[in-house]
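The primary structure of each chain is shown beneath.
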Amino acid sequence: MILDVKGQSGAVFRLMVDAIIGLVILLIILSVLTYFESVRIDVSKAEFISIVQSAVETPNGSVVASKTLVFVSGLGFSASQLQSLTNYPADCFKFQSNLGSVNIIADGKMVEFKQNVETKVYAKCEPDLDNPENIITCDISFGTKLD
């Protein structure tokens, strides 16, 4: 009878150790997933900047499209940020979108994401013949393909 008690207490201890090992493995998996999601967001920001710079460098009216990018809730971009990246005036840039989770502010000079969004970005820059000070006009669209 004493052997049975020791056997049962050993099984409970082993179950507890297995549960702790399982919990540690779960935490490692969640950490890895969180890390890769943050990398995906950083890559999307870099790709967005690359798309805009590519369109600015070739202002011939052709549309530059991205692959599907990820933007998180609360993230935003402004024309003044693009001005510092490209050395063109902020008035050259205009944001647009038909997505409900993308908020266009200040007559197209700012964009803010109300929730996490996965979408393509399109950018098109062309010479602005009517306003020589701007030199170019750039449309940046989230989710809507530009003509």
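Everything below is about the structure printed above this text.
For every chain, the first residue of its written sequence is number 1, and the numbers climb from 1 along that sequence. For a predicted model such as this one, the threshold for reporting local features is a pLDDT of at least 70, and the threshold for listing and counting side-chain atom pairs is 80 or more; totals across whole chains, interfaces and linings nevertheless cover every residue. To get the side-chain values, take all heavy atoms of the structure and skip hydrogens and water.

**Student:** I tried to follow the sheet that holds strand β5 (residues 102–105) on my own but got confused; where do I start?
**Tutor:** Pairing between the strands of a sheet is mediated by backbone hydrogen bonds and can be parallel or antiparallel. Strand order in the open sheet formed by three strands is β3-β6-β5, with antiparallel pairing between adjacent strands. Whereas interior strands pair on both sides, the edge strands pair on one side only; in this sheet they are β3 (76–78) and β5. Each strand axis lies, on average, 15° off the axis of its neighbour in the sheet, ignoring direction. In this description, strands pair whenever DSSP reports at least two bridges between them. Under the scheme used here, helices are H or I runs from DSSP no shorter than 4 residues and strands are E runs no shorter than 2 residues, and both carry numbers assigned from the N terminus. Across four bridges, the pairing between β5 and strand β6 (residues 110–113) is antiparallel. The residue bridging V102 from the neighbouring strand is F113, located in β6. To get an axis, fit a line to the C-alpha atoms, keeping to the stretch in contact for a helix; angles then go from 0 to 180 degrees between the N-to-C directions.

**Student:** Would you take a moment to explain the pattern of salt bridges for this structure?
**Tutor:** Throughout this description, the term salt bridge denotes a Lys or Arg side-chain nitrogen within 4 Å of a carboxyl oxygen of Asp or Glu. This model, assessed by the stated rule, comprises three salt bridges. Notably, a salt bridge pairs E37 with R40, separated by 3.8 Å at the nearest N-O pair. One end of the pair is E37 and the other is R40, both in helix α1 (residues 2–57) and three residues apart, which spans about a single turn. Exposure categories follow from relative accessible area, calculated using a 1.4 Å probe and restricted to protein chains: below 20% of the type maximum is buried, above 50% is exposed, and the middle band is partly exposed. Residue class for E37 comes out partly exposed when judged on its relative accessible area of 34%. Under the relative-accessibility criterion, R40 is labelled partly exposed at 36%. By sharing partners, the salt bridges in this structure join E37, R40 and E118 into a single network.

**Student:** Quick question: what am I supposed to make of the pairing of β6 here?
**Tutor:** Side-chain positions along a regular strand alternate between the two faces of the sheet. Residues V111 and F113 line the buried face of β6, whereas the alternating positions M110 and E112 sit on a face that is not buried. In this sheet, β6 lies alongside β3 in antiparallel orientation, the contact comprising three bridges. Within the sheet, the bridge partner assigned to F77 lies in β6 and is V111.

**Student:** For this particular structure, what's the right way to read the state of the cysteines?
**Tutor:** Two cysteines form a disulfide when their sulfur atoms are joined by a covalent bond. Cysteine sulfur atoms are paired as a disulfide whenever they come within 2.5 Å of each other. All chains considered together, the criterion is met by one disulfide. Here C92 is not disulfide-linked; the sulfur of C138 is the nearest cysteine sulfur, at 6.6 Å.

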